[in-house]
Each structure stands twice: as structure tokens, then as C-alpha cells.
Amino acid sequence: MSAVLSESPAVDTPAVAVLACHVHKFGGSSLADARCIGALRDLIPPDARLRPVVVSAMHGTTNALVALADAAVAGGDWKPGWDALRRRHLDTAQAFEVGDGGPLHLALEGEFVQLAEDLQALAGGDGDAVALAARVHGSGELLSSHLVQAALGAGWLRLDARDVLVVQPGEMGAVVDWDASRSKLARWRLAHGARDLVITGFVARDGEGRSTTLGRNGSDYSAAIFANLFDADALTIWTDVDGVLSADPRLVPDAVCLDAMSYAEACELAYFGAKVLHPQTLAPVQARGVPVRIRNSRNPAAPGTLIAPDGAPAASPVKGLTLVRDVAVLELVGNGLVGVPGMAERLFAALHGAGVSVTMISQGSSEHSICCVVRAEQAERGRAAIAGAFAEAIADGQAQGVTVTPDLCVLAAVGDGMVGTQGVAARLFDGLAQARVNIRAIAQGASERNISVAIAQDDATRALRAAHAAFWLSPQTVSVGVIGPGHVGKALLSQLAEVLPGLKSRSGVDLRLRAVASSRRMALEDTAMDPASAAARLHDDDAQACDLDAFAAHVRAGHLPHAMIVDCSASDAVAAKYADWLAAGIHVVTPNKHAGSGDWARYTAIAEARRQGSSRFLYEATVGAGLPVVLTLRTLIDTGDTLHAIDGMLSGTLAWLFNSFDGSRPFSELVREARALGYTEPDPRDDLSGLDVARKLVILAREAGRPLSLADVAIESLVPDALRDVDVDTFLARAGELDAPMQARLDAARAAGCGLRHIASLDRDGRATVGVQALPADHACMHTRLTDNLVQFTTTRYAENPLVVQGPGAGPEVTAAGVFGDVLSIARSLGAGPRRSA
């Protein structure tokens with residue numbers, strides 16, 4: 001654009017034509033070494049615009065200078081540090097000027113002579129200590145500006161910001177004297193010409209001409225000030241990240257780079273600790289509507305983030321989340337506060353007088369209490385100030401006193417899309433609740449652009465990740481542990497290995513397998529292990545003896561929002577841990593039938609743990625493998641139907657045996673084949689005993705509200721008494737002893753026009769039986785195939801024609817698929833984003 005400088009006194013400021021202008025600012029990471037500095041020329045577009053370039057000090061230099069100043073004031077030896085800094089800058093200069101006598105080296109040497117004089121003056125207590133310290137702290141920008149000017153080459157002028165920028169101290173930091181600064185800049189440009197400039201960031205002078213600085217990270221503020229002073233078209237801030245991220249990537253690895261955001265969103269994020277921007281940066285550019293783009297000097301192909309008056313619409317109402325750590329809550333409580341005008345004013349006046357900064361305020365409509373969030377190091381000072389201001393009320397009992405809750409942090413969710421959007425707060429609070437994060441205080445401004453909550457510092461990372469996923473800014477991350485890498489467990493791990501690579505992008509679910517355990521060993525991983533090799537990890541040298549408590553503690557990682565244990569074992573000892581795991585916030589998925597059919601007190605403890613917390617317990621695969629048997633029954637009951645009877649084939653193994661047993665082959669031969677196919681347990685007697693089927697019947701009865709136990713079930717075992725206590729090899733060798741009795745039963749059934757099937761039954765009177773029955777040819781169970789399970793529910797609604805669930809009910813793959821389905825059901829209930837096509 002072409003214009004004349006405005007808002008400047010006509011009497012003091014000569015008219016200077018302003019060319020179209022694009023200001024660039026380079027941070028310390030972009031000036032880390034000679035290679036980085038040399039690359040700047042390629043980052044600045046070679047267009048016809050006026051191109052002011054504002055620079056920070058070289059990476060790490062400001063910290064070194066502060067340390068030198070502190071050492072000088074303390075009487076320490078600052079010379080070794082000064083010499084190291086000098087050598088670093090002179091070595092860097094070699095890339096842009098050969099030899100020691102050129103103008104660049106002379107300029108740097110001159111700056112270091114001045115720096116040594118200032119440090120000596122600080123050490124001797126001579127002169128204005130504040131101005132001297134400011135001059136030392138700001139020396140890094142003076143040095144780097146010489147290097148950058150040399151790197152950019154001919155045609156670039158250097159402007160020491162102290163020659164034009166005038167600021168005054170204020171309560172909220174340095175305040176620009178715009179009139180004086182505009183006048184000085186106009187005069188400088190009139191004397192030197194409107195050319196491309198390298199400008200020192202961070203430094204300025206006060207109204208009396210003394211050196212001062214704009215505070216740490218103040219070079220961004222310098223760039224914004226000069227964008228305003230030059231009436232710039234744009235400001236680009238070059239840093240070492242691809243733009244403004246939706247969260248701190250060190251805490252949320254899946255944080256996304258935002259394409260665009262509004263000034264208001266950026267201000268909120270900056271205030272609440274986002275590291276890309278200095279909180280003061282946006283005010284000067286916002287006043288003139290100058291767009292700001294954040295870009296990565298190490299990845300210039302990335303477009304960065306555009307910050308403009310109006311941000312671009314986004315799929316999520318929240319653009320970003322950030323944390324303010326190390327805060328405390330001050331709370332004043334008292335019945336005497338209710339309805340009394342001026343209570344809040346008195347409290348905040350006391351804090352102001354004590355120099356305590358308030359980060360967040362929360363007060364209930366009852367006015368019974370006022371609480372505010374302050375920095376942890378100011379908490380005790382704030383408590384004393386409030387107690388002093390309300391001493392009379394506390395003495396009279398009108399106020400109960402001031403309490404301090406330490407070790408907290410503030411989580412802030414920011415986004416223009418929150419304005420007028422229903423359910424934003426609900427989604428945030430639900431996400432935190434799912435992650436078992438307790439909220440201590442809540443604040444939201446009338447603009448609806450920010451919701452802030454105070455939470456325990458220990459919950460910070462887990463809360464941030466949970467909230468980030470709740471707004472679909474990243475996948476829902478679930479820490480997963482698998483117990484029991486047997487037939488079903490290995491099949492599940494195989495399915496995870498196949499599905500996980502695409503699941504994250506397709507369904508917004510990030511399942512991280514972090515632990516696997518057998519009955520004797522366990523392997524733990526801090527990040528995630530490959531499901532394909534997880535079972536083999538149990539044989540590695542770093543595998544440990546299995547400790548279920550340590551296993552659960554590892555899965556329940558403090559930095560991940562959600563935890564889940566998948567128990568694919570048949571262990572009663574593992575099932576005994578479910579209630580504790582659920583109470584600790586760990587979701588549990590299992591095909592293990594012991595919990596649902598075992599001890600009644602344990603069963604009720606598990607149910608109570610589910611009711612008391614937010615953890616879920618799913619066990620669809622305990623009955624029917626991958627069939628929706630439990631879900632169907634649960635839906636019937638929940639919708640008001642009444643169960644009268646259950647009957648059917650609940651074992652895929654026994655279904656296959658009796659579907660195949662037609663007399664052409666001995667029953668024992670079929671048993672051995674079923675074992676080879678993986679349909680039976682390693683010991684087939686576990687299936688032939690009928691106990692497994694009885695457990696399934698108990699699970700279904702309890703699901704319908706009937707307090708049935710295994711002792712209440714009449715179970716027919718197909719294992720002869722003589723074979724019940726022998727080892728499995730002996731049983732398999734003597735399995736022929738089953739043949740004659742089974743053949744006789746088949747012959748008798750056929751003589752009556754029937755066939756044999758293994759049936760579980762719960763009748764209207766509550767009698768529960770499991771065993772072989774002769775069924776007529778038109779019975780539904782006589783028309784099943786292979787490993788089909790078939791369950792008939794007779795209910796009030798389905799009285800004449802029972803509701804039937806039928807399908808394959810045996811085999812590791814289908815059982816594992818049922819388990820996997822439960823895992824995904826829980827993951828999606830945690831707030832994962834909508835399913836996307838591959």
C-alpha cells in the first residue's frame with residue numbers, strides 16, 4: 001500500500017512517503033549459527049516492498065548476558081563468559097567476512113568493548129544500575145543485527161531501535177510513546193532513505209533517553225511495534241515451529257498446526273501461556289489490522305498460521321488448548337458475604353495492593369464464596385492480604401477465613417467457534433470426567449471465547465490430552481494392556497496389528513498397546529509396542545515376573561487420558577482384580593467368564609464399581625463369541641421387556657461336535673479334530689464338562705436380573721468319571737471310552753425321530769440345566785451349521801415366537817473380533833471424532 005504516516009504531529013514530523021511494507025521478525029532459533037543466519041536471504045521475498053527485518057539475539061545469547069550481568073553485580077568473574085560470547089560471534093562472522101579487519105569484525109569488537117565497560121561499571125557499582133543492566137541484556141540484538149546485515153548483503157541498512165523507539169514503564173509492561181517514536185523514525189528515514197532495514201528487537205529507550213528493554217520475548221513485541229510504525233501490509237514472525245499449534249506438542253504429540261485464527265483467539269492463547277507469541281505482541285498490529293503470519297524458518301515450505309482480524313471457520317469450536325502451571329486457588333468463604341456490595345472490590349483491591357496478579361476468577365451465584373487463581377509463588381502473600389482486608393469479618397464470624405489450595409494449574413480452551421455454540425462446555429467437562437480429572441474452579445467470560453478450569457497439577461497432561469481429543473483436534477488416546485496371549489489373545493493381537501495403522505486416521509481412535517502379560521511374565525513399554533510382536537516380548541530379557549498391580553499401574557499412565565485392560569485369559573485371579581481396576585478409572589474388556597459367573601459378592605462389587613465411576617466393563621464375547629447375545633438381552637431388558645426363558649446352544653465347540661456327529665465317525669475322533677482346529681480349549685474336558693456353558697447361562701441370567709449361581713445349574717458332564725482326573729494326554733489317548741455311550745444316545749434319539757444337541761436352558765420357573773437333549777427335527781437348534789451358537793429369548797414381547805440370535809460361536813478369530821468390538825465401543829464412547837472414510 002502507499003500512504004502517508006498518520007497519527008503523527010505535523011509540526012514535528014517531516015512528511016515521508018511510505019512504500020508497501022512487509023515486516024519480518026527472526027527469533028533466536030532462526031539465528032542459531034552461521035548456517036541459519038546465511039539462510040535468511042532466501043526466506044525474505046525479493047519483492048519491491050520495504051522490508052524491515054527485526055532480529056532477536058542469537059540462540060542462548062540473552063540467557064548468557066543475564067548471567068554475565070548477575071555475575072558482575074555479585075562480584076563474580078564475568079570475563080570467561082564474556083570471552084566465550086565474543087568468540088562465538090566472531091567465529092560466526094567468519095562466514096560473512098574474511099579476516100579480522102573488516103567492518104563486520106570491527107563493529108562486533110566495538111560492541112564487545114562497550115559490553116565489557118558496562119559489566120565493569122555494574123561490578124563497580126558505577127552509574128545507573130538499571131540502565132546498565134538493560135544495556136547488557138539487550139546487547140545480543142545489537143550483535144546479531146550486525147551479523148544479519150552482513151549476511152543479507154549490499155543495500156541493507158541497520159537501525160538500532162534505541163535511536164527511534166521510545167517507551168515508558170507501565171503496570172502491564174512497556175508502553176510505547178507512539179508520537180515520539182513516529183517522529184524519530186520519520187526523521188531517521190528522511191536522513192537515511194526508505195530502504196530495507198535490519199532492526200534490533202527487544203531494546204528501546206525511555207523518555208529520559210536511558211536504555212531499556214521490552215521484557216523477555218520482547219522481540220516479537222518490537223516487530224509488532226515496527227509493523228505499526230511502518231504502517232505495514234503484513235508481519236511474518238519466523239520461529240522454529242510450523243505455526244500456532246492446537247496444544248503444546250511436547251504434551252500432545254498429535255497437536256495440529258492451525259491454518260488461521262483471529263486476533264482474539266491468539267490473544268487468549270498468548271495470555272494463557274502459548275509459547276509462540278508474546279502476550280503483548282498483537283496489540284500494535286491489531287490497532288491497524290495488520291495480518292500476522294507465524295512461519296518456521298527451518299521448514300519454509302509450511303504455510304504457517306495466519307492471524308487476522310477474523311479467523312477462518314473450523315470444524316471444531318475450539319482452536320487451541322493451553323496450560324498455565326504452578327498456580328494456586330485463594331478462596332474467601334462466609335455467610336456474611338451474601339448480598340453485601342463491594343466484597344469482590346475489597347478482595348481484588350487487597351490483592352492489587354499486595355502486587356498479586358490474578359489469573360482467573362470464579363464466584364457462585366450464591367455469593368457465599370469468592371475464589372481466584374494466582375501464581376503459586378504469590379499465593380501466601382495474597383492470602384495474607386485478603387485476610388488483612390477481611391480481618392474484622394473473620395473475627396466476627398461473618399467470613400470463615402481464606403484458604404489456599406496449592407499444586408494446581410489452569411487449562412484453557414479457546415476458540416471463536418465457541419461463541420453461541422451449544423454444548424461446548426459439556427464436551428469439555430465430559431472429556432475431563434472420562435479422564436477422571438476433577439475440576440476445582442471454572443471461569444468463562446461473556447464473550448464465550450474461552451473456558452478455563454483449575455485442576456490438579458498432577459492431572460495436567462492427562463487433562464490436556466483428553467480435552468484436545470474431546471474437541472476432535474486429535475485422536476482419543478487409550479493406553480491398552482492385554483492379558484492372556486493364548487488362542488484368543490494372539491488372535492486379538494493379530495487383529496490389532498492389522499487394523500491399528502488405519503484406525504487412528506479413519507476413526508479418531510489411538511489405541512496404544514503398552515503392556516502384555518501371561519500368567520507368569522509381563523512386558524511393559526513406555527510408548528507403544530507392535531501388536532504383531534507383543535507376545536514374543538514376553539520371552540525377551542527385559543520381560544518381568546507378572547505383577548497384576550504393577551501391570552495396571554503402568555497401563556493407567558498419568559500422561560494418557562484413558563486406560564483399558566483387555567483380559568483374554570480364563571483366570572479367576574485376574575477376574576478378581578476387575579473391581580479395583582474399574583474403581584481406579586481403568587476400562588475393562590474381557591471374554592473371561594469368571595467375573596460374570598463366579599462369586600456373587602465379586603459380581604456385585606464389579607457392578608458397584610461401574611456405577612460409582614465412569615469406567616466401563618464390556619464382556620460381549622463371554623457368550624456367543626462375536627455374536628450380540630448380551631447386547632440383545634440387555635436391550636430387551638432396558639426397553640421394558642420381561643425375560644421368561646432362555647434356551648439354546650451356547651458352545652460353538654459342542655455345536656460343532658453334535659452337528660458333525662452322525663454316527664459315521666466315532667465321537668472321540670471328532671473331539672480330537674475339534675481340538676486340532678482350535679475349537680476346544682487345550683484340554684477338551686473344559687468344554688465337554690458343560691461347565692463353560694453353565695457359566696454362559698449364569699451370565700445371561702444375571703444380566704436379566706436373576707441372582708443365579710453355578711451351584712444352581714444342573715450340569716451334565718460328557719466326561720466319564722474315570723477320565724476326569726487324568727492328565728490331558730491320557731484323556732486324549734483314552735477318549736474312545738466316550739464312543740459307545742454317545743453312539744447309544746444317538747441311536748435312541750434317531751429311533752424317536754430326533755437328533756442330539758447340547759442345550760442350555762433356563763425355564764420360566766428359574767430351573768437351569770445344561771446337557772445333551774434329543775430334539776425333534778423341526779427344532780431351531782437342529783438347523784444350525786458347524787460352530788453356530790443359537791440363543792432363544794422368550795419374553796413378554798416374544799412369547800409365541802422367541803427372539804433368536806444365531807451365528808458362528810467358536811474359534812479364536814470370531815471371539816477376538818467380539819473383544820475388539822467392545823474395545824472400539826469404549827474408545828468411541830470417550831468422544832472420538834466422527835468416522836471418516838479411508
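Model, not experiment: these values are computed from the prediction.

**Q** Honestly, the overall build of the protein in this entry has me stumped. Any pointers?
**A** In terms of regular secondary structure, the protein is built from 31 helices and 33 strands. Expressed as a percentage of the 838 residues in the protein, the buried residues total 52%. Here the contacts in the protein between residues at least 6 apart in sequence split such that 72% fall between residues at least 24 apart. Carbon and sulfur atoms make up 52% of the accessible area of the protein, which amounts to about 34,500 Å² in all. One way to put it: in the protein the 74 positive side-chain charges average out to a point 2 Å from where the 95 negative ones average out.

**Q** Could you clarify how one ought to interpret the sheet that holds strand S25 (residues 562–567) in this entry?
**A** Either a parallel or an antiparallel arrangement is found when strands of a sheet pair, and the pairing is made through backbone hydrogen bonds. With respect to topology, seven strands assemble into an open sheet ordered S24-S23-S22-S21-S25-S26-S27, the strand pairing being mixed. Strands at the two margins of the open sheet, each flanked by one partner only, are strand S24 (544–545) and strand S27 (617–618). Where S25 and strand S26 (residues 586–589) come together, four bridges link them in parallel fashion. Bridge pairing in S26 links Ala563 to Ile586.

**Q** Help me out: how do you make sense of the pattern of salt bridges in this one?
**A** Two side chains carrying opposite charge are able to pair once their charged atoms lie near each other. Per the stated rule, a full pass over the model turns up 36 salt bridges. Its salt-bridge partner being Asp196, residue Arg51 comes within 2.7 Å of it at the nearest N-O pair. Taken as a pair, Arg51 in the loop between helix H2 (40–43) and strand S4 (52–55) and Asp196 in the loop between helix H8 (178–192) and strand S8 (197–200) lie far apart in primary sequence, 145 residues in all. Among the charged side chains, a salt-bridge network with shared partners connects Asp128, Asp206, Glu208 and Arg210.

**Q** What am I meant to see in helix H6 (residues 129–137) here?
**A** Those residues of H6 lying buried are Ala131, Leu132, Ala133, Ala134 and Val136. In this structure, the buried residues of H6 make contact with helix H3 (61–73), helix H5 (103–124), helix H7 (139–152) and strand S10 (211–213). By the N-cap criterion, in which a side-chain oxygen at the helix start approaches the backbone nitrogen of a residue two or three places on, H6 is capped by Asp128, the distance to Val130 being 3.1 Å.

**Q** Would you take a moment to explain the pairing of S26 for this structure?
**A** The alternating pattern of S26 places Ile586 and Val588 on one face and His587 and Val589 on the opposite face, and all of these are buried. Across two bridges, the pairing between S26 and S27 is parallel. Residue pairing across strands places Val589 opposite Leu618, the latter belonging to S27.

**Q** Which parts of the structure should I look at to understand the side chain of His594?
**A** Locating His594 in the fold gives a position in helix H22 (residues 594–597). Given the relative accessible area of 16%, His594 is considered buried. For His594, the side chain forms a polar contact with the side chain of Asp572, separated by 3.3 Å. Once residues lying within four places of it in the same chain are set aside, the contact partners of His594 are Ala570, Ser571, Asp572, Ala575, Arg602 and Arg695.

**Q** Quick question: what am I supposed to make of the environment of Val256 here?
**A** Structurally, the position occupied by Val256 is in the loop between strand S11 (234–239) and strand S12 (260–262). By relative accessible area, Val256 is classed as partly exposed at 34%. Along the primary structure Val256 and Ser297 are separated by 41 residues, whereas in three dimensions their C-alpha atoms are 18 Å apart. Setting aside anything within four residues of it in sequence, one finds Val256 in contact with Val244, Leu245, Ser246, His468 and Leu473.

**Q** Help me out: how do you make sense of the packing of helix H17 (residues 487–507) against helix H31 (residues 812–829) in this one?
**A** When two helices pack together, their arrangement is captured by the angle between the axes and the distance separating the axes. Close contact between H17 and H31 brings their axes to 9 Å; oriented N to C, the two are set at 40 degrees. Compared by their axis directions, H17 and H31 come out oblique. Between H17 and H31 lies a crossing whose hand is right-handed. Residue-level contacts link His487, Val488, Ala491, Leu492, Gln495, Leu496, Val499, Leu503 and Ser507 of H17 to Pro812, Glu813, Thr815, Ala816, Ala817, Val819, Phe820, Leu824 and Arg828 of H31.

**Q** Which parts of the structure should I look at to understand the environment of Asp725?
**A** If you trace the backbone, Asp725 turns up in the loop between strand S29 (713–715) and helix H29 (728–733). What makes Asp725 exposed here is its relative accessible area of 78%. Remark: the alpha-carbon pair of Asp725 and Gly81, spanning 644 residues in sequence, is separated by 82 Å.

**Q** Help me understand the packing of aromatic side chains in this model?
**A** Aromatic ring pairs are defined here through the distance separating the ring centres and the angle between the ring planes. With the rule as written, the count across this model stands at ten aromatic pairs. When the centroid spacing of 6.2 Å and the interplanar angle of 35 degrees are considered together, the rings of Phe226 and Phe230 count as tilted. Judged by its relative accessible area of 0%, Phe230 is buried. Among the aromatic residues, those joined into a ring-pair cluster are Tyr578, Trp581, Phe617 and Tyr619. Over the face of the ring belonging to Phe390 we find Arg346, whose NZ or CZ atom lies 4.6 Å from the ring centre.

**Q** Just checking my understanding: could you explain the nonpolar core for this structure?
**A** Trp581 and Leu657 are the most contacted members of the largest nonpolar core, which totals 70 residues. Top contributing element to this core by residue count: helix H28 (residues 691–703), with seven residues. Residues contacting Leu657, with those up to four places away along its chain left out, are Phe667, Leu670, Val671, Ala674 and Leu688.

**Q** I would appreciate a short explanation of H5 in the present structure.
**A** Because an α-helix completes one turn every 3.6 residues, residues spaced three or four positions apart along the sequence face the same direction. The terminal C-alpha atoms of H5 lie 32 Å apart, and with 22 residues this matches the ideal 32 Å at 1.5 Å per residue to within 8%. Within H5, burial applies to Leu104, His105, Leu108, Glu111, Phe112, Leu115, Ala116, Asp118, Leu119, Ala121 and Leu122. Residues of H5 that are buried make contact with H3, helix H4 (79–93), H6, H7 and strand S5 (157–159). Just downstream of H5 lies Gly125, where phi reads positive at about 70 degrees.

**Q** Please clarify how the sheet that holds S8 should be interpreted in this entry.
**A** Strand order in the open sheet formed by eight strands is S5-S8-S4-S3-S11-S13-S14-S12, with mixed pairing between adjacent strands. Whereas interior strands pair on both sides, the edge strands pair on one side only; in this sheet they are S5 and S12. Within this sheet the neighbouring strands show an average axis-to-axis angle of 20 degrees, counted without direction. Here S4 runs beside S8; their pairing, made up of four bridges, is parallel. Note that in S8 the partner of Val53 across the bridge is Val198. On top of the sheet, helix H9 (residues 218–229) reaches strand S3 (22–26), S4, S5, S8 and S11; it is set at about 170 degrees to S3, its chief contact.

**Q** When you look at the packing of helix H25 (residues 652–660) against helix H26 (residues 667–676) in this model, what are you seeing that I'm missing?
**A** It is at 10 Å that the axes of H25 and H26 come closest, and there the two elements cross at 140 degrees. The pairing of H25 with H26 is recorded here as oblique in orientation. Crossing hand, H25 versus H26: right-handed. Contacts between H25 and H26 involve Trp656, Leu657, Phe658 and Ser660 from the former and Phe667, Leu670, Val671, Glu673 and Ala674 from the latter. A breakdown of the residues in the contact of H25 with H26 according to their chemical character gives seven nonpolar, one polar and one charged.

**Q** Honestly, unusual backbone geometry in this entry has me stumped. Any pointers?
**A** Glycine aside, residues mostly have negative phi, and peptide bonds are mostly found in the trans state. Of note, Arg436 is a non-glycine position whose phi angle comes to about 60 degrees, a positive value. Mapping Arg436 onto the fold places it in the loop between helix H15 (424–434) and strand S19 (439–444). Since its relative accessible area comes to 33%, Arg436 is described here as partly exposed. In this structure, Ala625 takes a positive phi of about 55 degrees despite not being glycine. Structurally, Ala625 is set in the loop between S27 and helix H24 (629–638). Take Ala625: its relative accessible area is 4%, and that puts it in the buried class.

**Q** Would you mind going over the confidence of the model for the protein with me for this structure?
**A** If pLDDT is low for a region, its predicted coordinates should not be looked at in detail. In the predicted model, the protein carries a mean pLDDT of 90, and the fraction of residues at 70 or more is 95%. Below a pLDDT of 50 lies the segment residues 834–838, which in the model reaches ten contacts outside its immediate sequence neighbourhood of four places, other chains included.

**Q** It is not clear to me how the side chain of Glu620 should be interpreted in this structure. Could you clarify?
**A** Its location among the elements puts Glu620 in the loop between S27 and H24. It turns out Glu620 is buried and unbridged, and the closest side chain with the opposite charge, Arg616, is 9.7 Å from it.

Definitions and limits used
Residues numbered from 1 in each chain as written. Predicted model: local features only at pLDDT ≥ 70, side-chain atom pairs only at ≥ 80, totals over all residues. Heavy atoms only, no water. Helix = DSSP H or I, 4+ residues; strand = E, 2+ residues; numbered from the N terminus. Buried < 20%, exposed > 50% of the residue type's maximum accessible area, 1.4 Å probe, protein only. Contact = heavy atoms within 4.5 Å. Areas by Shrake-Rupley, 256 points an atom, 1.4 Å probe, with all protein chains shown as cover. Lys, Arg positive; Asp, Glu negative; His and termini not counted. Charge placed at Lys NZ, Arg CZ, Asp CG, Glu CD. Pairing = 2+ DSSP bridges. Salt bridge = Lys/Arg side-chain N within 4 Å of Asp/Glu carboxyl O. Polar contact = N/O pair within 3.5 Å; in protein donor to acceptor, adjacent residues only side chain to side chain. Axes fitted to C-alpha atoms, helices over the stretch in contact; angles between N-to-C directions. Parallel < 35°, antiparallel > 145°, perpendicular 65-115°, else oblique. Left-handed = near helix turned anticlockwise from the far one by under 90°. Phe/Tyr/Trp six-rings, centres within 6.5 Å; stacked < 30°, edge-to-face > 60°. Lys NZ or Arg CZ within 6 Å of the ring centre and 35° of its normal. Core = buried A, V, L, I, M, F, W, Y, C linked by side-chain atoms within 4.5 Å. Expected span 1.5 Å × (residues − 1). Nonpolar A, V, L, I, M, F, W, Y, C, P; charged D, E, K, R; others polar. pLDDT = per-residue confidence, 0-100.

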